[in-house]
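In case you want the letters, here they are:
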Amino acid sequence: MRTTPFLLIGGMIAAPASAAGTINVTIPQLKVAEYHRPYVAVWLEPTGGGAARTLAVWYDVKKGGNEPGTKWLSDLRAWWRKGGKSAKMPADGISGATRAPGTHAIPLPADLKPGNYVLAVEAARETGGREYVTLPISVPARPAKAAGKTELGAVTLSAR
Amino acid sequence: MKRLPVRLIAAAAIIALPAAASAHRQWMVPNATVFSGTNSWVTVDAAASNDLFFADHQPMRLDGVKVWAPDGSEGAIANGSTGRYRSTFDVKLDKPGTWKIGTFTSAVMGSFKVNGEERRVGGRPGAGTPPLSVADIPADATDVKLTEMIGRNELYITADAPSTTVFTPTGKGIEFQPVTHPDELVAGEPASFRFLVDGKPANGLKVTVVPGGKRYRNDDGAREFTTGADGVARIDWPTPGMYWINASLTDDKPSAPRATQRRMNYVTTVEVLLP
């Protein structure tokens, strides 16, 4: 019962967020001899121009040494060019370990200003390919949908 | 009849110079231009050949290769090796930003006559007599013809976010200034590069752009672009890959004493990625 006030506060912060919405990114199951989970970046670009905002970067966070996991972040070429090159990794609430095949949810940031954006998802896989999927979206979120062909499955936005 | 062989030797000497505009193309090719983090090494092939980037003629000499770090300090090449057809070397990119790797040559070449006999000034050491310098020209020399040669062959390599310190102009020869950063090139998006001569925008400079991979196509694929009054050439990239860029200019404004002509050459290789 002691947690109730916290839950309420949490609810109050989340409630006025007009940007509520969830991105779902599907990493497909691939029948290949040598499989490595892909590096994935998810970001938003304001349609009218402006800085890209990175929402998620999944990479080999734990690998250190001579060839740290960050070495291959530039293989996410589009993301690298649009912001990754100046991003500090790991980044709180953004970076994480690579994900297994399946559908992964990423909440839209609560402080996202209403407007039109391009949602971009890029995946690059060791000994595999690279794919870059974009989806025009609007905030407040309305359902939208796109799909990759090789390295990415469905990329969707739902309103909540 | 005696003069003809001498002239042929002179012509050969000019072709052998790195800055020579004709004949074989001097090139350097990095394995990549965009790197993540400050743990990476770039490895470079360097050679001269007709087809790009097909090493089948001469390796580039590595003794003149310098490294400019993003913070303005001097870096160094490592693991240098010269083979029959190409040289290779590595550079550790241990600082974030854009690095410059390459050669800068400034020399005076030419000829004069003493008692009707032609003598060469400049050129490569070796081959019998040591090369003469301008100071060696005797007072009674006639037909003094000297050309100042200023050449650059540069690569721009970026670790993490690009920077522009290494593009600070020196005011000598042909120099490159990014409008579009050379390590942010994407197929289908035109790039603008500014070229300077004597530190000022070069108007009407011809810039040749040749894609690599000549061995696997029939045409050379060279395209020519011309700079505007602002010194800017706008170049489009039809496909991803490595592109060789060259600009050269001959004028009569040498800074070297007694030279009457100046020949300037600029070479770089840029990498164009997929969007």
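Rules used throughout
- Residues numbered from 1 in each chain as written.
- Chains lettered and ligands numbered in written order.
- Predicted model: local features only at pLDDT ≥ 70, side-chain atom pairs only at ≥ 80, totals over all residues.
- Heavy atoms only, no water.
- Helix = DSSP H or I, 4+ residues; strand = E, 2+ residues; numbered from the N terminus.
- Buried < 20%, exposed > 50% of the residue type's maximum accessible area, 1.4 Å probe, protein only.
- Contact = heavy atoms within 4.5 Å.
- pLDDT = per-residue confidence, 0-100.
- 1 Å grid on protein atoms, 1.4 Å probe; cavity = no way out; pocket = protein on both sides within 12 Å on 5 of 7 lines; lining within 4 Å.
- Points joined across faces, edges and corners; volume = space filled by probe spheres on them.
- Nonpolar A, V, L, I, M, F, W, Y, C, P; charged D, E, K, R; others polar.
- Pairing = 2+ DSSP bridges.
- Axes fitted to C-alpha atoms, helices over the stretch in contact; angles between N-to-C directions.
- Buried area = accessible area lost by both parts, 1.4 Å probe.
- Salt bridge = Lys/Arg side-chain N within 4 Å of Asp/Glu carboxyl O.
- Polar contact = N/O pair within 3.5 Å; in protein donor to acceptor, adjacent residues only side chain to side chain.

As recorded in an unreviewed UniProt entry, chain A goes by DUF2271 domain-containing protein and comes from Rhizorhabdus histidinilytica.

1. Considerations on the overall build of chain A
A count of helices and strands for chain A gives two helices and nine strands. When the elements of chain A are put in sequence order from the N terminus, they spell out α-β-β-β-α-β-β-β-β-β-β. The buried share of chain A, reckoned over its 160 residues, is 41%. If you take every contact in chain A between residues at least 6 apart in sequence, the share linking residues at least 24 apart comes to 63%.

2. Quick notes on the confidence of the model for chain B
Mean pLDDT for chain B: 90, with 90% of residues reaching 70 or above. Contacts of residues 1-21 of chain B to residues separated by more than four positions or lying in other chains number 20 contacts, the stretch itself having pLDDT below 50.

3. Considerations on empty space enclosed by the protein
Tallied over the full model, the rule gives two cavities of 30 Å³ or more. Quantified by volume, the largest cavity comes out at close to 160 Å³. In terms of lining residues, the largest cavity is bounded by 17 residues, among which A:Trp80, A:Arg81, B:Val34, B:Asp183 and B:Leu273 are the most central. Among the elements of the structure, helix H2 (77-82) of chain A together with strand E13 (185-186) of chain B are those that each provide at least two residues to the lining of the largest cavity. Its residues assigned to classes, the lining of the largest cavity comprises nine nonpolar, two polar and six charged. Taken as a whole, the second largest cavity holds about 60 Å³ of empty space. Around the second largest cavity, the lining residues are B:Lys100, B:Arg152, B:Glu154, B:Tyr156, B:Val166, B:Phe167, B:Thr168, B:Glu175 and B:Phe176. Put simply, the parts of the chain that give the lining of the second largest cavity at least two residues each are strand E11 (142-159) and strand E12 (174-178) of chain B. Tallying contributions element by element places E11(B) first for the lining of the second largest cavity, with three residues.

4. Let's talk about the sheet that holds strand E1 (residues 22-27) of chain A
Residues and elements named next belong to chain A. Here we have four strands laid out as an open sheet, ordered E5-E1-E9-E8, and antiparallel in their pairing. Taken across any chain shown, the strands that pair with only one partner, and hence form the sheet edges, are strand E5 (102-107) and strand E8 (144-147). Along the sheet, successive strands turn relative to each other by an average axial angle of 15 degrees, direction set aside. The sheet contact formed by E1 and E5 spans six bridges and is antiparallel.

5. Focus: the interface of chain A and chain B
Chain A puts 15 residues into the contact, and the matching count from chain B is 13 residues. In total, chain A and chain B occlude about 1100 Å² of area from one another, counting both sides; carbon and sulfur atoms represent 51% of this. Ranking the residues of chain A by area buried against chain B places A:Trp80, A:Arg81 and A:Lys85 at the top, with a combined share of 49%. Taken together, the connections running from chain A to chain B amount to two salt bridges. On the surface where chain A and chain B come into contact, there are five residue pairs in polar contact (both at pLDDT 80 or more). At the level of secondary structure, the elements contributing two or more residues to the side of chain A that touches chain B comprise H2 and strand E7 (130-139) of chain A. Here the element with the most residues in the side of chain A that touches chain B is H2(A); it accounts for four residues. Split by residue class, the side of chain A that touches chain B holds five nonpolar, five polar and five charged.

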